[in-house]
Structure formats: structure tokens, C-alpha cells
Amino acid sequence: MNIRIFEHEEDLNVTGAGIITSLLQTKPRAVLGLATGSSPVGIYKQLIAMVQKDLVSFAQASSFNLDEYVGLPAEHSESYRSFMNEQLFHHIDIDLDKTYIPDGNAPDLTQECEAYEQRLEDRGPVDLQILGIGHNGHIGFNEPGTELTGRTHVVALKEETRKANARFFDSIDQVPTQAITMGVGTILKAKQILLIARGEEKAEIIRQAFMGPITTECPASLLQCHPNVVVLLDRAAGRWVK
Ligand code: F6R
């Protein structure tokens, strides 16, 4: 586990983007695993700037997102498809047909999960998976509990997760109650994992995830079993890291 702490946001973003662009330079057809949420946005901005300066190209790459809300049409302003289009895809040269996000509006969600997992098996493995971390230690939408699911599946969102995400909706009632998420097994199949966390509010969960025991009660702690994880933290989120 390679944990790096940055004094300046800009340095964190440049380092994160550098890991992604180095991969694309050596492997233009790389399969990227992408996340939504606020943690990767600065890195996505940096990537956009690099594409605009012709320093990197996503033209041959493909991507798989971690998760999507159930019940929101793709065009909904808060769907993860809209988020990715606005924060990254529409500003880089990636082929939109090769950007995969689970369809949370599919008529048969179980079948959608199976199809997503199968597509990952056919086109993967993911070369580099980007992750944020929830305040409760979730990765993707794999919420803490006594059991975790390995494969892509439908999950009921914890109240704390819905509250954390309510900031993007008019009210908490509008936050979906379910999501489709890659499973922990799906995530751990990635060749390399890049986890990003920022801010004091993530300090305690970072301590639990990377300095505490491996437990399903903190899904991110399972990353300790992966051989190639890079964690990028700002000083506040890395407060308890020795
Ligand atoms: C997003 C995702 C979530 C977020 C996590 C942190 O696709 O799967 O696990 O990474 O909730 O969210 P932020 O970055 O907004 O703190």
C-alpha cells in the first residue's frame, strides 16, 4: 500500500492525473474504472486540461463506472451518467460508446447486473480503478455490514449515504434508495487501485480502512488485501497516517 499525503490540492490532482496518463501512454487501450463524487473531480479537471493541450488521448481507452442510482433515467441531472458526461467525458476524446455505466433504469436489474459483470469479464480486467471512500468506509456502494457481495449487484443505500448525497438533490426524499454497484470482488480484480480522499471528515475512516483490521464493517479495509493500491490524501484526510 502506497499512501501519499499532499500539502496542496494541486499536487494531489497532478499526481493522480499523472498515474492515469502514464498508463494511457504505455497502454492506449487501457480499461479505466471510474468513480463519481467530489473526490476525483480535481483529477478529472487536470485530465481535461491535459487532453486540451494534446498531452494525452483517451481515444482508444474504455471505462467502467463503479455504480449508478436505481430509478433515475440516464438524462436525470443527478444520474452518474450525467455526472460523468459533465465532469469528464464531454471534455475529452473518449468514445462515449466505450464508457460503460450500469443502467439503473433497466427493466430487469438482476439481469443488468449480470450483463455488466459479464462485460467487465469480456473487456477487462480494469487496468486502473479510481475510488473515493464513503464516511462509513463504503467503496462503490458496498456498504458496511456483516457480509459483502462479490459481484455487481443491487444494493439498498444506507441512510447516512443518502444524507451525504442529499447535497446534490433538492431534498433527501429525492435521493434514490437503491443503486447498482460493482461488488468488492469486481473492484479487487482491477490491476491497480487509486483511492482519493480529501478533508478532515475522511480522516477517521482513512485510519480505520488502512491502519485498522480488515473487516466487512469497513469495506475499504479489504483493499489491504490488494497488491497494488495507491492512496492519495490531502493533509486533513491523512491526519492519522503515520
Ligand atoms: C462514487 C462512489 C462512492 C464515492 C464515495 C465518496 O461513484 O462509488 O463510493 O466514491 O461516496 O464520495 P465523495 O467523493 O463525494 O466524498
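Residues numbered from 1 in each chain as written. Predicted model: local features only at pLDDT ≥ 70, side-chain atom pairs only at ≥ 80, totals over all residues. Heavy atoms only, no water.

Enquirer: What is the right way to look at the sheet that holds strand β7 (residues 153-156) in this model?
Expert: Picture the strands of a sheet paired through backbone hydrogen bonds; they go either parallel or antiparallel. With antiparallel pairing, the 3 strands of this open sheet are ordered in space as β4-β8-β7. Every other strand in the sheet has two partners, leaving β4 (67-69) and β7 as the edge strands with one partner each. Pairwise comparison of adjacent strand axes, ignoring direction, gives a mean angle of 25° for this sheet. In this structure, β7 lies alongside strand β8 (residues 178-181), joined through 4 bridges in antiparallel fashion. Paired with A156 across the strands is Q178, a residue of β8. (Pairing = 2+ DSSP bridges. Helix = DSSP H or I, 4+ residues; strand = E, 2+ residues; numbered from the N terminus. Axes fitted to C-alpha atoms, helices over the stretch in contact; angles between N-to-C directions.)

Enquirer: Sorry, what's going on with the side chain of H138 here?
Expert: You can see H138 is positioned in the loop between β6 (128-131) and β7. At 3.4 Å, the side chain of H138 and the side chain of T161 are in polar contact. When sequence neighbours within four positions are dropped, the list of residues in contact with H138 reads G132, I133, E143, T161 and P219. (Polar contact = N/O pair within 3.5 Å; in protein donor to acceptor, adjacent residues only side chain to side chain. Contact = heavy atoms within 4.5 Å.)

Enquirer: What is the right way to read the packing of aromatic side chains from this model?
Expert: Two numbers describe a pair of aromatic rings. These are the distance of the centres and the angle of the planes. According to the stated counting rule, one finds 6 aromatic pairs in the structure shown. Relative to Y116, the ring of F64 lies with its centre 5.7 Å away and its plane at 70°, an arrangement referred to as edge-to-face. Remark: Y116 occurs in helix α4 (residues 109-123) and F64 occurs in strand β3 (residues 62-65); sequence separation between them is 52 residues. Using a relative accessible area of 1% as the deciding quantity, one classes Y116 as buried. Ring plane angle 20° and centroid distance 6.1 Å describe the contact between Y80 and F141, whose orientation is recorded as stacked. Taken together, the positions of Y80 in helix α3 (residues 80-87) and F141 in the loop between β6 and β7 put the pair 61 residues apart, joining distant regions of the chain. No difference in accessibility class separates Y80 from F141, as the two residues are buried. A connected cluster of aromatic rings, assembled from ring pairs, spans Y69, Y80, F141 and F169. (Phe/Tyr/Trp six-rings, centres within 6.5 Å; stacked < 30°, edge-to-face > 60°. Buried < 20%, exposed > 50% of the residue type's maximum accessible area, 1.4 Å probe, protein only.)

Enquirer: What exactly am I supposed to notice about the nonpolar core here?
Expert: Soluble globular proteins: nonpolar side chains tend toward being buried together. Within the largest apolar cluster, 61 residues are counted, with the highest numbers of intra-cluster contacts made by I20, F58, L88 and L195. In terms of nonpolar packing, the next biggest core, distinct from the first, is built from 10 residues, Y69, Y80, F141 and F169 among them. (Core = buried A, V, L, I, M, F, W, Y, C linked by side-chain atoms within 4.5 Å.)

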